[in-house]
Amino acid sequence: MRWTPPGPLSKQEERLMRRLGKVRALFAFFRTHRGELFDDSFQEQLAGMYRQTGAGEEAVPPALLCMAILLQGYVGASDAEAVELTVVDLRWQMVLGCLGADEPAFAQGTLQAFRDRLVAHELDRVLLERTVALVRTHVVKKKEADGLVTKIRVAIDSRPLVGAGRVEDTINLLGHAAKVIVRVLCTILSLAPEQICRQASCPLLLAPSIKAGLDINWSDAREKATAIMHVEQQVSSLHAWVEKHLDDFEAAPLKPYLDAITIVKAQDLERGADGNVKIRQGVAADRRISIEDAEQRHGRKSKSKRFDGFKEHIARDLDVPVIVAAAVTPANRPEEEGAAPLADDMERQRFLVVELHVDRAYVNSSLAETVFAARGKVIAKPWATRPHRPGLYAKSDFHIDLRSKTITCPTGQVEPFEPGETVHFDPEACGACPERASCTLAASGRGRSISIATDEARQRRFRLLQGSTSGRARLRERVPVEHALARVANRKGPVARYRGVRKNVFDLRRACAIQNLEYLHMLGKIVVPNAQAA
């Protein structure tokens, strides 16, 4: 099970290495450092994923498969392409130690099974951690001692990742799940689709698509309402038929799709006063948007830009060019939730964050609170205090006294406040104020309102930081994480390669590991004097 490729370069490998100076140069790096990356300790961890029985065909070394996983991410190959590249690409053969091979180094199923094991055993995280350790070993001064906590300055950023699952409306979600159920039932019961749909009273599912089967004028609100009732009735009829004719064991393959139907009906449909089913007004908080990927969600990059899928988060060391942690969350979750898994991964590596550079959306994260509690520094831009309309007084024109918890308007009116609340100034005083036209556009009988943040004291410090030349220079120190995230995005593309959060975490960790090795390849053995160690 151990991977023991040749050490010294052969004549053919020397010729190949000379051709890898500028184009796909990381192949040369992989060939040179494969023994360092896959040492005995890591190979033992990889082998531990498999049961040692001695039966079956000769096993492919797990370390070789792990290297193939890295090469696959580096060139952006599919599983099928990766198998073929081990035969037709000399660079792959050189790195995998099989130059001149006429047969693939592994089968497609073997590679897929290895990836599943890697994810199940959390060894994709170990792979990223190994690249972090490699970079730090070559870059950081040798005063770091094994077993000591390392102090680091970290920046965090995120980007949208479009999900791989097809996003559908309510009718298509129900129809998609129901059609899959019919298809699986055909296999389980050895019946034709026509027989199942006739017995389950759902002939609509025999149409090429649900909407083609309905064949209505979708601009007519009444016809559309009737169509929704027909779809719900036939899908519910199929659900009831499955429950009546199949036991729990037989229905097990159908459970994800039966659950999806239940979820979609609960989140998107409701019964009106007349007892008929209709589309629910508004959008459910955690609305399911795809049958193919149960975890992708609606998200927003800004008020005007929406996307469907996930958010990718990375943490980048600001003193050593290395991505130390990566995480993925559904698109509808706030950024601050992505900081928790990043903090866990950094804690595993015994890193102590003493300075945290973040986007303002991460300021209330548990990681930021931990840094504040340890008397570390959190650097972030403040929330904007500009007025809703040009020409009106901004929040910064009001005097906020955090000690007395009072706020004073430009004309001297004083109101008490509590952090996290909205202050409403006296309507009578505002109505008679000569500056009202410059302060608020509120209707008659209402005064000016000012929102006080829960962390108003921190926001004030952030505003002071942003207001000085030296402070703005500190804010620009997070630029490396933006560049690192852009490189990862360029490598992976805008659309997810896999479905579900966990597999996309694997893909992000792999991309970050490759990025770390590229950093090391570019830097060589340069010593970075500013790295902090305890």
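Residues numbered from 1 in each chain as written. Predicted model: local features only at pLDDT ≥ 70, side-chain atom pairs only at ≥ 80, totals over all residues. Heavy atoms only, no water.

**What about the pattern of salt bridges?**
- If you walk through the whole model with that rule in mind, you get 41 salt bridges.
- In this structure, Arg474 and Glu355 form a salt bridge, with 2.9 Å as the shortest nitrogen-oxygen distance. Remark: Glu355 occurs in strand S7 (residues 351–357) and Arg474 occurs in helix H20 (residues 469–475); sequence separation between them is 119 residues.
- The class for Arg474 is partly exposed, based on a relative accessible area of 22%.
- One salt-bridge network, in which partners are shared between bridges, spans Glu122, Asp124, Arg125, Asp345, Arg502 and Arg509. (Salt bridge = Lys/Arg side-chain N within 4 Å of Asp/Glu carboxyl O. Helix = DSSP H or I, 4+ residues; strand = E, 2+ residues; numbered from the N terminus. Buried < 20%, exposed > 50% of the residue type's maximum accessible area, 1.4 Å probe, protein only.)

**A word on the nonpolar core**
- One finds Phe38, Leu46, Met346 and Leu356 to be the most contacted residues of the largest nonpolar core, which totals 98 residues.
- The element contributing the most residues to this core is helix H22 (residues 501–523), with eleven residues.
- The next biggest cluster of nonpolar side chains, apart from the first, holds 34 residues, and it includes Ile171, Ala177, Ile228 and Leu254. (Core = buried A, V, L, I, M, F, W, Y, C linked by side-chain atoms within 4.5 Å.)

**As for the packing of helix H2 (residues 26–37) against H22**
- Two elements in contact, H2 and H22, have axes whose closest approach is 11 Å; the angle formed by their N-to-C orientations is 100°. The pairing of H2 with H22 is recorded here as roughly perpendicular in orientation. Residue-level inspection shows Leu26, Phe29, Phe30 and Leu37 of H2 in contact with H22, the latter providing Ile514, Leu517, Glu518, Leu520 and His521.
- Among the residues forming the contact of H2 with H22, the class breakdown is seven nonpolar, one polar and one charged. (Axes fitted to C-alpha atoms, helices over the stretch in contact; angles between N-to-C directions. Parallel < 35°, antiparallel > 145°, perpendicular 65-115°, else oblique. Contact = heavy atoms within 4.5 Å. Nonpolar A, V, L, I, M, F, W, Y, C, P; charged D, E, K, R; others polar.)

**So, unusual backbone geometry**
- Backbone geometry places Arg24, a non-glycine residue, at a positive phi of 50°.
- Positionally, Arg24 belongs in the loop between helix H1 (11–18) and H2.
- By relative accessible area, which is 32% here, Arg24 ends up partly exposed.

**Section: the environment of Ala251**
- Its location among the elements puts Ala251 in helix H13 (residues 248–251).
- Put simply, Ala251 and Pro321 are 70 residues apart on the chain and 51 Å apart in space, counted from C-alpha to C-alpha.
- Among residues more than four places away in sequence, those in contact with Ala251 are Val242 and Leu246.

**A word on the sheet that holds strand S10 (residues 406–408)**
- Read across the sheet, three strands follow the order S9-S10-S11 without closing on themselves; strand pairing throughout is antiparallel. The open sheet is flanked by strand S9 (399–401) and strand S11 (414–416), the only strands paired with a single partner. Strand-to-strand twist in this sheet, taken as the mean axis angle between neighbours without regard to direction, amounts to 20°.
- Sheet topology note: the S9/S10 ladder contains three bridges and is antiparallel. Paired with Asp401 across the strands is Thr406, a residue of S10. (Pairing = 2+ DSSP bridges.)

**Regarding the packing of aromatic side chains**
- Tallying each qualifying case throughout the model produces six aromatic pairs.
- Look at Phe398 and Phe425: their rings are 5.7 Å apart centre to centre, the planes differ by 45°, and that puts the pair in the tilted class. Of the two residues, Phe398 is situated in the loop between strand S8 (377–379) and S9 and Phe425 in the loop between strand S12 (422–424) and helix H17 (427–432); the sequence distance between them amounts to 27 residues. Take Phe398 and Phe425: they sit in the same class, and that class is buried.
- Aromatic rings pair up to connect Trp3, Phe38 and Phe42 into one cluster.
- For the cation-ring pair, Lys211 lies above Trp218, with the distance from its terminal atom to the ring centre recorded as 5.3 Å.
- Directly above the aromatic system of Phe372 lies the positively charged group of Arg458, at a separation of 3.8 Å from the ring centroid. (Phe/Tyr/Trp six-rings, centres within 6.5 Å; stacked < 30°, edge-to-face > 60°. Lys NZ or Arg CZ within 6 Å of the ring centre and 35° of its normal.)

**Structural notes on helix H5 (residues 79–88)**
- Restricting attention to buried positions, one finds in H5 the residues Asp79, Ala82, Val83, Leu85 and Thr86. Angularly, the buried residues of H5 cover 160° about the axis, an arc narrow enough to put them on a single face.
- Elements that come into contact with the buried residues of H5 comprise helix H4 (62–75), helix H6 (90–96) and helix H7 (108–120). (Arc of directions from axis to C-beta.)

**A look at helix H16 (residues 366–373)**
- Listing the buried residues of H16 in full gives Leu367, Ala368, Val371 and Phe372. Projected down its long axis, H16 shows its buried positions confined to an angular sector of 140°, all on one face. Within H16, the exposed residues directed more than 90 degrees away from the buried face are Thr370 and Ala373.
- Buried residues belonging to H16 abut strand S1 (150–162), helix H15 (335–348), S7, S8 and helix H19 (456–466).
- Phi for Arg375, located one or two positions after H16, is positive at around 60°.

**Quick notes on the pairing of strand S4 (residues 297–300)**
- Strand direction decides the pairing type here: S4 and strand S5 (residues 306–317), joined by four bridges, are antiparallel. Bridge pairing links His298 to Asp308 in S5.
- Between S4 and S5, which pair antiparallel one after the other, the connecting turn spans five residues.

**Details of the confidence of the model for the protein chain**
- Looking at the protein chain as a whole, the pLDDT averages 91, with 95% of positions reaching at least 70.
- Throughout residues 525–534 the model reports pLDDT below 50, and contacts reaching past four residues in sequence, or to other chains, amount to 24 contacts. (pLDDT = per-residue confidence, 0-100.)

**A word on the environment of Arg136**
- On the secondary structure map, Arg136 appears in helix H8 (residues 123–139).
- The exposure class of Arg136 is buried, given its relative accessible area of 7%.
- Put simply, Arg136 and Ser470 are 334 residues apart on the chain and 29 Å apart in space, counted from C-alpha to C-alpha.
- Side-chain polar atoms of Arg136 contact the side chain of Asp317, separated by 2.7 Å. (Polar contact = N/O pair within 3.5 Å; in protein donor to acceptor, adjacent residues only side chain to side chain.)

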